[in-house]
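Structural characterization, general
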Amino acid sequence: MFVWLQRKLQTQLLSALRNTRAPLRLKLQTRACAATSSALHLHSDHLVVSYEGTRMRLNFVWLRDHCRSASSYNSKTNQRNLDTGSIELNIRPDTTAVEGGDLVLTWRDGHVSKYSLSWLAQNSYERKKQSTVQPRILWNSDVYKNKNVPSAKWEKFMSCDDELKKFLQNYLLYGIAFVDDVPATVEATEAVSKRVSLIRETTYGGMWSFTSDHSRGDSAYSQLALDRHTDTSYFQEPCGIQVFHCLKHEGTGGRTLLVDGFYAAEKLRQQSPENFELLSRVPIEHEYIENTDNHRNHMNGIGPVLNVYPWNDEVYLIRYNNYDRSVINTVPHEVVQRWYVAHRELTTELRRPENELWVKLTPGKVVFIDNWRVMHGRESFTGLRQLCGCYLTRDDVLSAARGFDLQA
C-alpha cells in the first residue's frame, strides 16, 4: 500500500511539472557539494543552476541535445550522434542532482546525462554574452607605434612555429602583421602567404601581380590616391585577409594607409549609440561591374556597414568602400537621412589624421591585413610601381591560430 501511494505521488508530481507554466522552486535529489556552491531550481521547461557567480538557465531540450554520453556524442570526431529531431520538445528529467562538480540528469527513458558544471558555465548564454569572442587591441597611429610591435623575419618565420605563433597573435590583436626580409618575388610572396593560410581564388586569380596599367576595371590599377576602404565589399562574404608586397617602385609617393575600422566604430558607439545601431542594422549593397575586353564581372554583396554578434554586440566585420557602394535602394525614406548622418559621423572618425598609420612598403616587407577590420588605402605615386599579393581564407587563419591555443 505504501509503495502504491509513493508511486501515485511521484506520478502527480511529474504531471504537475509537465503541465504547469509557473516556476517550480523545487530541488529534486539535489546533493550540492560545498566546493561548487551549486543549487538547482526546477522550472517547467528549464532548470536554473548557479555556479561560481554564473546563474545559468538551462533548457531541457538543450540539455538533452548537448549530452556528451557515448551514445549521444562521438568524442573522437567531436560530432553529435543524437538526432536532435527525435527529442521530445516537452522532455523533462525524472531526477536531477549535483554530484561533485557535475550535473546529473536521468530522463524518462532511463538515459543518464552528466555535465561538468564548469563546461556548462563556459558554454552558457549567460557567460557567452559577457565574454569577448576575439580579444583585440584597438589602435590609432600613436597607440600602434608605441606598442613597438615587432615584424617577423622571413627565414625564422618559414621554419619556426614559435615565430608563426607570435605573428598570428599580433595579427589577431591588431588586425595587421608584417614579415620582413622576404625575397622580392611573386614566388616568395606566395610561400610566405601559404605559411599563414590557404590562398583564396577570386576573379583576380590566386596570386596577382600588377602595375598601374589599367588592365582591370578598378581604380587600384591606376596611379591615383585611394581613400581608406575594405576590399571585396561586393562579395557576400568579403575576403578575410589581404596580402601586399611591393616588389619594385621607381618613383615617388605610394605610401600605404592603414586605419583600424573597429577603433573608429567603437568611438562612434561611445559618441552616438543610435548611429552605431543604425549602421549595424541597415543593409546596403556594394557592387563591382567590370566590362573590358578580357574581363566581364558583375558582383553584388549585401550587408550593413557594421556587423556585430547579437549576443554581446561585439563588432566582427566592417564593410566600408565608398568606391564600390551601390545605389542605396534598400533603405526607406524615413531612414535615409539618418543613415547619411550616421555614415558621415563614422567617416569623420575614420578620416581623423591621428587614426592614420602610414607605411612605406618596400621590397622585402610583406603586410597582412585583416580585411574585416583594417582599412587600407594609398597616396598617389609616380613611376613604375609593381605590387603583388593575394587574398587568404579567413577561416583557415583562425584555425591555425586556435591550433596554437590562441583565442580566435
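Structure first, text after, so check above.
Given the structure is predicted, the values throughout are model-derived calculations rather than measurements.

Next up on the list: the pattern of salt bridges. Counted by the stated rule, this structure contains 17 salt bridges. A salt bridge links Arg352 to Glu349; the nearest nitrogen and oxygen atoms lie 3.1 Å apart. When its relative accessible area of 32% is taken as the criterion, Arg352 is described as partly exposed. Connected through shared salt-bridge partners, Asp227, Arg228, Arg351 and Glu356 make up one network.

This next bit is on the sheet that holds strand S8 (residues 112-116). The sheet built from three strands is open, its strands ordered S6-S7-S8 with antiparallel pairing. The open sheet has two free edges, formed respectively by strand S6 (93-99) and S8, since each of these has just one partner strand. Neighbour to neighbour, the strand axes of the sheet diverge by 15° on average, direction disregarded. For strand S7 (residues 102-107) and S8, the ladder comprises five bridges, and the chain directions are antiparallel. Bridge pairing links Val104 to Lys114 in S8.

Looking at the second largest pocket, its volume works out to about 230 Å³. Around the second largest pocket, the lining residues are Gln122, Asn123, Arg127, Lys128, Ser131, Thr132, Val133, Trp311 and Gln407.

With respect to topology, three strands assemble into an open sheet ordered S1-S2-S3, the strand pairing being antiparallel. Looking along the sheet, the strands with just one partner apiece sit at the ends: strand S1 (39-42) and strand S3 (54-59). Going across the sheet, the axis of each strand differs from the next one's by a mean of 20°, ignoring polarity. For S1 and strand S2 (residues 46-51), the ladder comprises four bridges, and the chain directions are antiparallel. Counterpart to Leu40 in the pairing with S2 is Val49.

Relative orientation of the contacting elements helix H9 (residues 261-271) and helix H10 (residues 273-281) amounts to 130°, with a least axis distance of 5 Å. By the angle between their axes, H9 is oblique relative to H10. Of H10, the residues touching H9 (which contributes Ala265, Leu268, Arg269, Gln270 and Gln271) are Pro273, Asn275, Phe276 and Leu279. Class assignment of the residues belonging to the contact of H9 with H10 gives a composition of five nonpolar, three polar and one charged.

What counts as what
- Numbering of residues starts from 1 in each chain and follows the order in which that chain's sequence is written.
- At least 70 in pLDDT is required for a residue's local features to be given in this predicted model, at least 80 for side-chain atom pairs to be given and counted, and no such filter applies to totals for whole chains, interfaces and linings, which use all residues.
- Only hydrogens and water are set aside; all other atoms, that is, all heavy atoms of the structure, feed into the side-chain values.
- What counts as a salt bridge is simple: a side-chain nitrogen of Lys or Arg found within 4 Å of a carboxyl oxygen of Asp or Glu.
- Throughout, exposure labels follow a simple rule: accessible area from a 1.4 Å probe, protein chains only, divided by the maximum for the residue type, with under 20% read as buried, over 50% as exposed, and the rest as partly exposed.
- Should DSSP find at least two bridges between two strands, the strands are taken to pair.
- We count a stretch as a helix when DSSP gives it H or I for four or more residues in a row; a strand needs E for two or more, and each element gets its number in order from the N terminus.
- Think of each axis as a best-fit line through the C-alpha atoms, taken over the contacting stretch in the case of a helix, with angles from 0 to 180 degrees between the N-to-C directions.
- Any residue with an atom within 4 Å of a point lines the site, the site being either a cavity, points on a 1 Å grid over the protein atoms alone where a 1.4 Å probe fits but cannot get out, or a pocket, an open set with protein on both sides within 12 Å along at least 5 of 7 lines.
- Grid points are joined across faces, edges and corners, and a volume is the space filled by probe spheres set on the points.
- Any angle that falls under 35 degrees is termed roughly parallel, while one over 145 is termed roughly antiparallel, one within 65 to 115 roughly perpendicular, and all others oblique.
- The contact criterion used is simple: two residues touch if any of their non-hydrogen atoms lie within 4.5 Å.
- In this classification, Asp, Glu, Lys and Arg are treated as charged, Ala, Val, Leu, Ile, Met, Phe, Trp, Tyr, Cys and Pro as nonpolar, and every other residue, Gly included, as polar.

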